[in-house]
Amino acid sequence: MTRKSSYLNPFALWTDLAMQTTGMMLASAEVFSHRTARMAQASIPPSARDAAEFTLMGQEKMEAATESMQAAGLAMMAFSPFAAMKMFNEMAAIQTSLFHLATSSSLPAAISRHQKLGRSMCKAANSALSLSDQTANAAIDTLRPIHSRATANAKRLGKR
């Protein structure tokens, strides 16, 4: 399982996911083209080499789908069941802090309430970033088995 954080660059994990998805799609298109042509040219019954390749196709798809579902399930179990409630409470804390700041009757009270608002906003931003990181990592982990097989097949079949 990948456990990356995007604290310094919030878009890093999502960019990584986009790049992996693009690579997987390109490799899949190459493999699909190769295998479709191979099926069209295969004799009836297929040669031993073709039969082995066709069997491998189905086997790999089942294995990759199973591993992908397993990764998605594990990632979902890792999500905090209270993440949405935590986010709601932190947004409510920001609203409360804003209200208190707006109703300050003195400069010292306003300064103190402004500091509390800043802390509430930082806490909410960190929670949102954590939830984003968890989601991106879950997607990356789920994509990994399919990506690895598609790129490995593109390399293997491209050599022929």
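Up top you'll find the structure we're talking about.
Residues numbered from 1 in each chain as written. Predicted model: local features only at pLDDT ≥ 70, side-chain atom pairs only at ≥ 80, totals over all residues. Heavy atoms only, no water.

(A) A look at the overall build of the protein. Scanning the protein for helices and strands turns up four helices and zero strands. Each helix (α) and strand (β) of the protein, taken in turn from the N terminus, gives the series α-α-α-α. Taken over C-alpha atoms, the radius of gyration comes to 25 Å for the protein, far larger than the 15 Å a tight globule of 160 residues would show. Taking the principal axes of its C-alpha atoms as reference, the protein extends roughly 90 × 25 × 20 Å. In the protein, which comprises 160 residues, the proportion classed as buried is 26%. Considering only contacts in the protein between residues 6 or more positions apart, those separated by 24 or more positions represent 77%. (Helix = DSSP H or I, 4+ residues; strand = E, 2+ residues; numbered from the N terminus. Rg over C-alpha atoms; globule rule 2.2 N^0.38 Å. Buried < 20%, exposed > 50% of the residue type's maximum accessible area, 1.4 Å probe, protein only. Contact = heavy atoms within 4.5 Å.)

(B) Quick peek at unusual backbone geometry. Across the junction of Ile44 and Pro45, the peptide omega takes the value -5°, indicating a cis bond. Looking at the element boundaries, Pro45 is found in the loop between α1 (12–41) and α2 (48–78).

(C) Region of interest: helix α4 (residues 107–158). When the terminal C-alpha atoms of α4 are compared, their 71 Å separation across 52 residues agrees well with the 76 Å that a helix rising 1.5 Å per residue should span. Of the residues that open α4, the one with a side-chain oxygen 3.3 Å from the backbone nitrogen of Ala109 is Ser106. (Expected span 1.5 Å × (residues − 1). Polar contact = N/O pair within 3.5 Å; in protein donor to acceptor, adjacent residues only side chain to side chain.)

(D) A nonpolar patch on the surface, seen in detail. On the surface, a cluster of nonpolar side chains totalling about 390 Å² of accessible area is made up of Phe82, Met85 and Phe88. You can see Phe82 is positioned in the loop between α2 and α3 (83–102). Residue classification places Phe82 among the exposed residues on the basis of a relative accessible area of 61%. (Patch = residues over 30% accessible without salt bridge, like charges linked within 9 Å, V, L, I, M, F, W, Y side chains within 5 Å. Areas by Shrake-Rupley, 256 points an atom, 1.4 Å probe, with all protein chains shown as cover. Salt bridge = Lys/Arg side-chain N within 4 Å of Asp/Glu carboxyl O.)

(E) Structural view of the side chain of Gln20. You can see Gln20 is positioned in helix α1. You can call Gln20 buried: its relative accessible area is 15%.

(F) Inspection of the packing of α1 against α4 at higher detail. Where α1 meets α4, the closest approach of the two axes is 8 Å, and the angle between their N-to-C directions is 30°. Relative to α4, α1 is oriented roughly parallel. Crossing handedness for the pair α1 and α4: left-handed. Class assignment of the residues belonging to the contact of α1 with α4 gives a composition of 14 nonpolar, twelve polar and six charged. (Axes fitted to C-alpha atoms, helices over the stretch in contact; angles between N-to-C directions. Parallel < 35°, antiparallel > 145°, perpendicular 65-115°, else oblique. Left-handed = near helix turned anticlockwise from the far one by under 90°. Nonpolar A, V, L, I, M, F, W, Y, C, P; charged D, E, K, R; others polar.)

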